[in-house]
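One letter stands for each residue in the lines below.
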Amino acid sequence: MQELAFPRRKGILAPVSVLVLLILPLVDLLSTNGSCDFPSGWTGEWYQYGKPPFGINTTLLGDRTCVETKDDKYIVYFSGENCYHCMIINKRHDNVIQYREGWCSPERTSLDDMCNMITSDDMLYSIFRMHSKPIPCPFTGSSFMFTYNRGYGECTSPISLAEKCTDESKLLLKYQACPDVEGTESNTEELQCLAVWNDGRNKYLVGTLKGRNALGNGRTYRCFLYEEKAHHQGKIYLLAQSGDPTCNGLTTVSEGSPTIKLTKVDKEHKCKYPAWVTQHHDWHSLDGTKVYHFTNKNATLKVKPQSQDTDVDALHEEKIVCHNLEQLYPNDNMQGNKVKLIAHVTSGCDIGYVCMIFHRRDSHIIEIQQSDQKAIMPDEACSISDPSTMPYTTLITTFLHQRKCPNPGRYEILDFALSHVLSAAASRRQRRSELSETTKRRTWQDNTEDEECRSTHIQVGCTSSDQTEMIIANTCEHEEIAYYCHGSWEEKGTWYTIASQRNPEFSIGLGGGGTFCFTMRQEGVRDKASGRSGRLKQQEQELWLSRPSNICQREAKEEWTYRLSSQGVCEDLTKAASSVASTPPSSSLLSLLFTLYVAAYIATNTLRVLLSR
């Protein structure tokens, strides 16, 4: 190859030659530095115990600048001490890097000379990626029993429990205190798994712990050495936990702070939900906020929130597994219309046992009571909760059948049962004054007390032969609001009725897709005399009716909206009205005269017989 020829002047270097001589050292320096890059996959923010968080990019690792590299060896310039040293860096996982480093030297020597001074006995440093993506925890199974040792003896009784959360990257550790072992206490910690790797025969796990014993305000990093073994009860996992946010000192699973022995628990479905519940696999709450799905094996219920106002990430799907049936009374076959059971609930990392009672109201209407407090052990679930205080949730299927309405008849609206309901409703009406007049007229519970558009009477089951409709009439151009009844039940003298509006487009502000719960109750208010003498007294009954609601209120007296006075049974009023309408006045008079004639004839004959004796 022909060499480059530079112009020369005798005794003097040409300007181009001078420029080349000046650039060559710079090019040599750039070639040396330019060949040293940290892997781009390390880029991000990292945490190391004892240091503030720092960043890594292709040229910088915190305050160290990459100068030369070969395989896993790096010569770096440490600006803080103005010196060079070697780092042997190993990526264990996308979220974990470990390294050893040599002495810092003011003079840079060869890479081999500087790195050969590092041995396996030197300190191993671990750095953890911050804001990293979690991984599923490496423990097969969803539930575990475990014992633990903090250096004062193994805590075995009572047994501690561990359970996987809805997010499989999280494991909930429920420590129990052993009275006879020092250093044990009842505590719950949440482990989130971030990285796993093998180093020879050793298996390592890095995660964050959040709990009462965790350092700092939030989560703290911990490293685990773990080992999986076969056992007659199934798989067991032996873990040794580091005492600080490093992986130092973990050489055997029998030494840690603490050591933990996890034993997998195979949770068999000990019971199934009632057949009258699982005949429909999909239900939804009356207020439309939750969907309930029973799996094909009828032992697992999944509850999914439907709220659109809450951040989706904050909403956890509940998994409720039937654990065992409970008798409500002696000789209860647990197959009736009311079934009590204990269930295991997992919602995020909120895990435990709850007490549940299922009520069959109709083939497509059920109610569930569920305890708010979760128990660690199943035997405690129903003993720590009072069933009488557990709230009711009404569930319905997508398609509802029409059913006979309770307390059929025609009623006149007397007034509101509670005056403060009236004043509260009036205030709400003023706030909604921007609604159109037509909408106001057709939204019953918003304007029931409106003097210009006032409800006057209610018909229950009078408009059809199957008595499945409830009609609310008012003074607004003879408009009516009609509801279809879908099922009713009675508790302590109060009737609960599930009904849907016949014209759901007018159910503004009610929610729940136009399906509601009405409550009715007969109230005796006073005795009234019947007959001229006033000797016979009869208690006058009033029907108290609530406004339509998205929940079936219990013992909620403020929900009573109307006092109704009965005007008779539908059939009696209908027959009387049709009889009067179809009978001419002349025929009525003839009938009366004929009746008087027959009565006089009978009386005369009777008197004759008595006198003859």
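The rules behind the values
Residues numbered from 1 in each chain as written. Predicted model: local features only at pLDDT ≥ 70, side-chain atom pairs only at ≥ 80, totals over all residues. Heavy atoms only, no water. Helix = DSSP H or I, 4+ residues; strand = E, 2+ residues; numbered from the N terminus. Buried < 20%, exposed > 50% of the residue type's maximum accessible area, 1.4 Å probe, protein only. Contact = heavy atoms within 4.5 Å. Areas by Shrake-Rupley, 256 points an atom, 1.4 Å probe, with all protein chains shown as cover. Pairing = 2+ DSSP bridges. Axes fitted to C-alpha atoms, helices over the stretch in contact; angles between N-to-C directions. Polar contact = N/O pair within 3.5 Å; in protein donor to acceptor, adjacent residues only side chain to side chain. Disulfide = S-S within 2.5 Å. Core = buried A, V, L, I, M, F, W, Y, C linked by side-chain atoms within 4.5 Å. Salt bridge = Lys/Arg side-chain N within 4 Å of Asp/Glu carboxyl O. Phe/Tyr/Trp six-rings, centres within 6.5 Å; stacked < 30°, edge-to-face > 60°.

A.B. asks: Sorry, what's going on with the overall build of the protein here?
C.D. replies: For the protein, the helix and strand inventory stands at 8 helices and 32 strands. In the protein, which comprises 613 residues, the share counted as buried stands at 41%. When contacts within the protein are restricted to residue pairs at least 6 apart in sequence, those whose partners lie at least 24 apart make up 50%. Accessible surface, the protein: about 34400 Å² in total, of which carbon and sulfur atoms supply 51%.

A.B. asks: For this particular structure, what's the right way to read the sheet that holds strand 22 (residues 350–362)?
C.D. replies: Neighbouring strands of a sheet are bound in pairs by backbone hydrogen bonds; such pairs are parallel or else antiparallel. Strand order in the closed barrel made by the 8 strands is 17-18-19-20-21-22-23-24, with antiparallel pairing throughout. Looking at each pair of strands side by side, their axes are set apart by 35 degrees on average, direction ignored. Note that strand 20 (residues 318–326) and strand 21 (residues 338–347) share 8 bridges and pair antiparallel. Each bridged residue has a counterpart across the sheet, and for Leu-325 the counterpart in strand 21 is Leu-341.

A.B. asks: Where do I start with the environment of Lys-174 in this structure?
C.D. replies: Take Lys-174: it is sitting in strand 11 (residues 170–175). Taking relative accessible area as the criterion, Lys-174 reaches 5% and is therefore assigned buried. Note: C-alpha distance between Lys-174 and Glu-189 (15 residues apart in sequence) is 6.6 Å. Residue contacts for Lys-174: discarding those within four places in its chain leaves Phe-146, Ser-160, Leu-161, Glu-163, Asn-187, Thr-188, Ile-351, Gly-352 and Ile-376. At 3.3 Å, the side chain of Lys-174 forms a polar contact with the side chain of Glu-163.

A.B. asks: Got a minute to help me understand the environment of Asn-337 in this structure?
C.D. replies: Take Asn-337: it is sitting in the loop between strand 20 and strand 21. Taking C-alpha positions, Asn-337 is 9.5 Å from Ile-366, a pair spaced 29 residues apart along the chain. With residues near it in sequence (within four places) discarded, Asn-337 still touches Trp-276, Phe-358, His-359 and Arg-360.

A.B. asks: In this structure, what is going on with the side chain of Gln-459? I would like to understand it.
C.D. replies: Turning to its location among the elements, Gln-459 is positioned in strand 26 (residues 455–460). Residue class for Gln-459 comes out buried when judged on its relative accessible area of 13%. In contact with Gln-459, other than residues within four places in its own chain, are Gly-409, Arg-410, Glu-469, Met-470 and Ile-471.

A.B. asks: What should I look at first to understand the pairing of strand 20 in this one?
C.D. replies: Along any regular strand the residues' side chains alternate between the sheet's two faces. Relative to strand 20, strand 19 (residues 300–305) runs antiparallel, the two sharing 4 bridges. Pairing of Lys-302 across the sheet is with Lys-319, part of strand 20.

A.B. asks: Honestly, the state of the cysteines in this entry has me stumped. Any pointers?
C.D. replies: Among covalent bonds in proteins, the disulfide is the one between the sulfur atoms of two cysteines. Overall, the coordinates contain 12 disulfides when judged by the stated rule. Two residues share a disulfide in this structure: Cys-83 and Cys-104, whose sulfurs sit 1.5 Å from each other. One quick way to see it: the torsion about the S-S bond of Cys-83 and Cys-104 is about 90 degrees, and its sign makes the bridge right-handed. Of the two residues, Cys-83 is situated in strand 6 (residues 83–93) and Cys-104 in the loop between strand 7 (96–101) and helix 2 (111–115); the sequence distance between them amounts to 21 residues. Taking relative accessible area as the criterion, Cys-83 reaches 4% and is therefore assigned buried. A sulfur-sulfur separation of 2.2 Å characterises the disulfide bridge that pairs Cys-355 with Cys-382. The disulfide joining Cys-355 to Cys-382 has a torsion of about 90 degrees about its S-S bond and is therefore right-handed. You can see Cys-355 sitting in strand 22 and its partner Cys-382 sitting in the loop between strand 23 (365–370) and strand 24 (392–396), a full 27 residues away along the chain. As far as the burial class goes, Cys-355 and Cys-382 line up, both buried.

A.B. asks: Would you take a moment to explain the nonpolar core for this structure?
C.D. replies: When a protein is soluble and globular, its nonpolar side chains tend to lie buried together. Ranked by size, the top nonpolar core spans 23 residues in total, and within it Phe-139, Phe-146, Leu-171, Leu-239 and Leu-262 carry the most contacts. At the level of secondary structure, the elements contributing two or more residues to this core comprise strand 9 (143–149), strand 10 (154–164), strand 11, strand 12 (187–199), strand 13 (202–211), strand 14 (220–231), strand 15 (234–241) and strand 16 (259–264). The residues contacting Phe-146, other than those within four sequence positions of it, are Ile-159, Ser-160, Leu-161, Ala-162, Leu-173, Lys-174, Tyr-175, Ile-260, Lys-261 and Leu-262. By size, the runner-up hydrophobic cluster in this structure holds 21 residues, among which are Tyr-292, Phe-358, Ile-366 and Ile-368.

A.B. asks: Explain the pattern of salt bridges to me, please; I cannot follow it from the model alone.
C.D. replies: Where charged atoms from two side chains of opposite charge approach closely, those side chains can pair. On inspection of all chains with the given rule, the structure shows 18 salt bridges. When the shortest N-O distance is used, the salt bridge between Glu-228 and Lys-235 registers 3.2 Å. Between Arg-502 and Glu-469 there is a salt bridge, and its shortest N-O distance comes to 3.0 Å. With Arg-502 in the loop between strand 29 (494–501) and strand 30 (515–530) and Glu-469 in strand 27 (residues 469–474), this pair connects stretches of sequence that are 33 residues apart. For Arg-502, a relative accessible area of 35% corresponds to the partly exposed category.

A.B. asks: Quick question: what am I supposed to make of the pairing of strand 16 here?
C.D. replies: Pairing of strand 9 with strand 16 involves 6 bridges; the strand directions are antiparallel. Residue pairing across strands places Phe-146 opposite Leu-262, the latter belonging to strand 16. Taken together, the 5 bridges between strand 15 and strand 16 define a ladder with antiparallel strand orientation. If you follow Leu-239 over to strand 16, its bridge partner there is Ile-260.

A.B. asks: Is there a simple way to think about unusual backbone geometry in this case?
C.D. replies: Here the residue pair Ser-157 and Pro-158 is connected by a cis peptide bond, since its omega of 5 degrees sits within 30 degrees of zero. If you trace the backbone, Pro-158 turns up in strand 10. The omega torsion across Ser-257 and Pro-258 is 5 degrees, close enough to zero to call that bond cis. Looking at the element boundaries, Pro-258 is found in the loop between strand 15 and strand 16. One non-glycine residue with positive phi stands out, namely Asn-298, at about 65 degrees. Topologically, Asn-298 is positioned in the loop between strand 18 (290–294) and strand 19. In this model, Met-334 sits at a positive phi of 60 degrees, which is unusual for a non-glycine residue. As for its position among the elements, Met-334 is in the loop between strand 20 and strand 21.

A.B. asks: Please explain the sheet that holds strand 9 as it appears in this structure.
C.D. replies: Strand order in this closed barrel of 8 strands is 9-10-11-12-13-14-15-16, and the pairing throughout is antiparallel. Taking each pair of neighbouring strands and ignoring which way they run, the sheet shows an average axis angle of 35 degrees. Pairing of strand 14 with strand 15, which is carried by 8 bridges, proceeds in the antiparallel orientation. When the sheet's bridge partners are listed, Lys-229 is paired in strand 15 with Ile-236.

A.B. asks: Which parts of the structure should I look at to understand the packing of aromatic side chains?
C.D. replies: Geometry of an aromatic ring pair is reported as the spacing of the ring centres plus the angle between the planes. The tally for this structure, following the rule as stated, stands at 19 aromatic pairs. Measuring from centroid to centroid gives 5.2 Å for Tyr-47 and Tyr-221, while their planes differ by 20 degrees, and the two rings are stacked. A residue pair is termed long-range when its members are at least 10 positions apart, and Tyr-47 in strand 1 (residues 44–48) and Tyr-221 in strand 14 qualify at 174 residues. In this structure, Tyr-47 and Tyr-221 share a single accessibility class: buried. Plain terms: the ring middles of Tyr-148 and Tyr-175 are 4.8 Å apart, the flat faces sit at 90 degrees to each other, and that makes the pair edge-to-face. Taken as a pair, Tyr-148 in strand 9 and Tyr-175 in strand 11 lie far apart in primary sequence, 27 residues in all. Clustering of aromatic rings is evident, with ring pairs tying together Phe-139, Phe-144, Tyr-226 and Tyr-237.

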